[in-house]
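Descriptive analysis of the structure
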Amino acid sequence: MSVKILGGITAPKGFKASGVHCGIRKNKNKLDLALLVSDVPCATAAVYTQNKVQGAPILVTKTHIADGYSQAMLCNSGNANTCNPNGVELAKTCCELAAQATGLKPNDFVIASTGVIGMPLPIEPFVTGIPLAVDMLSNKGGNFAAEAIMTTDTRRKDFALEFKLGGVLCRMGVMTKGSGMINPNMATMLTFITTDVAISPQMLDQALKAEVKETLNQICVDGDTSTNDMAVVMANGLAGNPYIAENNADYATFCTILHKICVWASREIAGDGEGATKLLQCSVHHAPSKAVALSVAKSIISSDLFKSAMFGEDANWGRALCAIGYAEGDFSIKNVSLTLKSEKGEVLVCQNAMYHPYSEEFASEILSEREIEILVDMHDGDYYAQAWGCDLTYEYVKINGDYRS
C-alpha cells in the first residue's frame, strides 16, 4: 500500500535540493544546475549506459560510489561533458567545488551531466553556480532540481510515494529527465531516486539492477542509447525502519515501491518523447519466458514504422507483428493475438498471427487518444512484461534538425 505525496526527491526525510541558472545554457530563464544533499551518508546504487562512449561524469561517479555510499548529487544540463579532453578533470573539479561549499568530501558526490555531446564545458559557471545552489538548498527544493536537469523535456518529471516498512512510515521520491536519444541499456537518461529507507548498499544494488530490466530499459523514443544514461538510488535510512540486509518481506515491499516509482518514470519519459503526441504502452501476456516477453514488448514500441502508424492513427497491425517476428528469443508466433486499446474502447486486430475482421473507422477512433495500449497475447506460457514508447512525428525531425541551435 502506497500513497502519492508531494516533494519529489525531497519528500524523504533528510534530503534538501536546489536548482539554479549558472550560465551553461544561454536562456537565463532556464535552470541548468541541480544540487541534492542528504543530512547523512546514503547507501547508493547506480546503473550506467552501456554505450562505449561514456560521459566523464559517469567515470567519476563510478569511482566515488565504489564503496556503496554517497551523500550528495550535482547535475548540470545544457552540456553532456562527453568527449571533452579535460572532461574527467572538470567533473572532479566540480565535486571539489561542491565539497568546499557544503563541507562534504569530493568523493561524497554523485555527478551527472546532460545536453550536447562534444562541446567544451567551461568551469566558470560552476565556480559561481555551485555556491548559489548551496545557498538555495531547501527541503522543498525538489521541484527546482527537477527543472534544472531538463533538456528538451516539455515538463519537469518528479514524483514521490509514502509507504510503511515494519510499521514505520517511509518515503521514496524520484526526478528524471529524458525526451530524445532514448533507448536505454542498463539505465535511462538521468534518473535520481531518493528514499529514507534503511537498506544495505548490497540489497539496494540488487534491487536497482533487477528493476531496470523490467522498466527503465523497456522504453524507447528513437532507438539511440545515450552516452550519459545513469540511474541512481540514494537511501539515507532516516525513516528508522528495521534495517534491510537480506531478502525478506520488507525487501519485497521496497522492491514493489521501487517498481512503482520506475514505472512512473518510464511512462513520463516515453510520453514526453521529442515531438510525441501519444504515449504507447505495450503489454505482453502468456510469453514462454520473461526474456521473450521483455524482448517482444520492447521490439514493438521501438519500431519506427509502427510508431509512425500510431502518429497517423492507422491500425497497421502488420507492423507490430513484423516487430514481434524479429524480436530476440526462441518462440513461436502462430498463436499471437493483438488488441489495440484506449479510453475509446478496444479492438482485436490480429488472431493466431493473422488478420481478424475489425472496423477501420473504430480502430482509428481508438488511436485518436493520447494514450494507446498494445495488448499482445502469445498463448505460449505464463510470463508477462511491458514496454513504453511514443509515436514518431514530424516534430521529432524538426527538433533534432536544429538541436544545437
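Residues numbered from 1 in each chain as written. Predicted model: local features only at pLDDT ≥ 70, side-chain atom pairs only at ≥ 80, totals over all residues. Heavy atoms only, no water.

- As annotated in an unreviewed UniProt entry, the protein carries the name Arginine biosynthesis bifunctional protein ArgJ and is attributed to Nicoletella semolina.
- Quoted straight from UniProt, the Subcellular location (unreviewed entry) entry for the protein says "Cytoplasm". (UniProt positions renumbered as here; feature names shortened; annotations may be inferred.)

1. What about the domain arrangement of the protein?
- Domain annotation for the protein reports domain 1 (2-266) and domain 2 (279-402).
- Each side of the interface is counted separately: domain 1 has 14 residues, and domain 2 has 14 residues.
- Interface area, domain 1 with domain 2, both sides summed: about 1100 Å², of which 52% is carbon and sulfur.
- Its largest share of buried area at the contact with domain 2, domain 1 owes to Glu 214, Gln 218 and Cys 220, together 48% of the area lost on that side.
- Our count for the contact surface shared by domain 1 and domain 2 stands at one salt bridge.
- Lys 290 is the partner of Glu 214 in a salt bridge, and the nearest nitrogen-oxygen pair spans 3.3 Å.
- Listed by contribution, the elements that provide at least two residues to the side of domain 1 that touches domain 2 are helix H5 (201-214), strand E9 (219-220) and helix H6 (249-271).
- Class assignment of the residues belonging to the side of domain 1 that touches domain 2 gives a composition of five nonpolar, six polar and three charged. (Domains from an automatic or database assignment. Contact = heavy atoms within 4.5 Å. Buried area = accessible area lost by both parts, 1.4 Å probe. Salt bridge = Lys/Arg side-chain N within 4 Å of Asp/Glu carboxyl O. Helix = DSSP H or I, 4+ residues; strand = E, 2+ residues; numbered from the N terminus. Nonpolar A, V, L, I, M, F, W, Y, C, P; charged D, E, K, R; others polar.)

2. Considering the pattern of salt bridges
- Overall, the coordinates contain 13 salt bridges when judged by the stated rule.
- Between Lys 16 and Asp 39 there is a salt bridge, and its shortest N-O distance comes to 3.3 Å. Taken together, the positions of Lys 16 in strand E2 (residues 15-20) and Asp 39 in strand E3 (residues 33-48) put the pair 23 residues apart, joining distant regions of the chain.
- Taking relative accessible area as the criterion, Lys 16 reaches 33% and is therefore assigned partly exposed.
- The exposure class of Asp 39 is partly exposed, given its relative accessible area of 47%. (Buried < 20%, exposed > 50% of the residue type's maximum accessible area, 1.4 Å probe, protein only.)

3. Some details on the pairing of strand E15 (residues 371-377)
- Taking burial as the measure, the seven residues of E15 include five buried ones, the bulk of the element.
- Two strands pair when backbone bridges link them, and strand E11 (residues 279-287) and E15 are joined in this way by seven bridges, in the parallel orientation. Residue pairing across strands places Leu 280 opposite Ile 372, the latter belonging to E15. (Pairing = 2+ DSSP bridges.)

4. Some thoughts on the packing of aromatic side chains
- Under the defined criterion, the tally for this structure stands at three aromatic pairs.
- Ring geometry for Tyr 355 and Tyr 358: centres 5.8 Å apart, planes at 45 degrees, overall tilted.
- Directly above the aromatic system of Tyr 48 lies the positively charged group of Lys 62, at a separation of 5.2 Å from the ring centroid. (Phe/Tyr/Trp six-rings, centres within 6.5 Å; stacked < 30°, edge-to-face > 60°. Lys NZ or Arg CZ within 6 Å of the ring centre and 35° of its normal.)

5. Topic: the environment of Met 230
- With respect to the element layout, Met 230 can be found in strand E10 (residues 230-235).
- For Met 230, a relative accessible area of 0% translates into the label buried.
- For the pair formed by Met 230 and Ala 315, sequence separation is 85 residues and the distance between their alpha carbons is 35 Å.

6. Here we look at the nonpolar core
- Of all hydrophobic cores here, the largest spans 40 residues; its most connected members are Val 284, Val 296, Ile 300, Leu 338, Ile 374, Val 376 and Met 378.
- Counting residues per element, this core draws most heavily on helix H7 (residues 290-302), at seven residues.
- Beyond its immediate chain neighbours, meaning those up to four positions away, Met 378 contacts Val 284, His 285, His 286, Ala 287, Pro 288, Val 292, Val 296, Phe 331, Ser 332, Asn 335 and Val 336.
- Counting 32 residues, the second largest nonpolar core, distinct from the first, contains Ala 43, Leu 165, Ile 199 and Phe 254. (Core = buried A, V, L, I, M, F, W, Y, C linked by side-chain atoms within 4.5 Å.)

7. Things to note about the sheet that holds strand E13 (residues 345-351)
- Across the sheet, seven strands lie side by side as E9-E16-E11-E15-E12-E13-E14; this open sheet has mixed pairing. Across the chains shown, the open sheet's two edge strands, defined by having one partner strand only, are E9 and strand E14 (354-355).
- Direction of pairing for E9 relative to strand E16 (residues 383-390): parallel, over a ladder of two bridges. Among the inter-strand pairings, Ile 219 is bridged to a residue of E16, identified as Trp 388.

8. Thoughts on empty space enclosed by the protein
- Taken as a whole, this structure holds one cavity of 30 Å³ or more when the rule is applied.
- There is about 40 Å³ of room inside the largest cavity.
- What lines the largest cavity is simply Leu 74, Asn 76, Asn 81, Leu 90, Ala 91, Cys 94, Ile 111, Ala 112, Ser 113, Leu 121 and Phe 126.
- Of all elements in the fold, only strand E4 (69-79), helix H2 (87-102) and strand E5 (109-116) reach the threshold of two or more residues within the lining of the largest cavity.
- For the lining of the largest cavity, the class distribution of residues is eight nonpolar, three polar and no charged. (1 Å grid on protein atoms, 1.4 Å probe; cavity = no way out; pocket = protein on both sides within 12 Å on 5 of 7 lines; lining within 4 Å. Points joined across faces, edges and corners; volume = space filled by probe spheres on them.)

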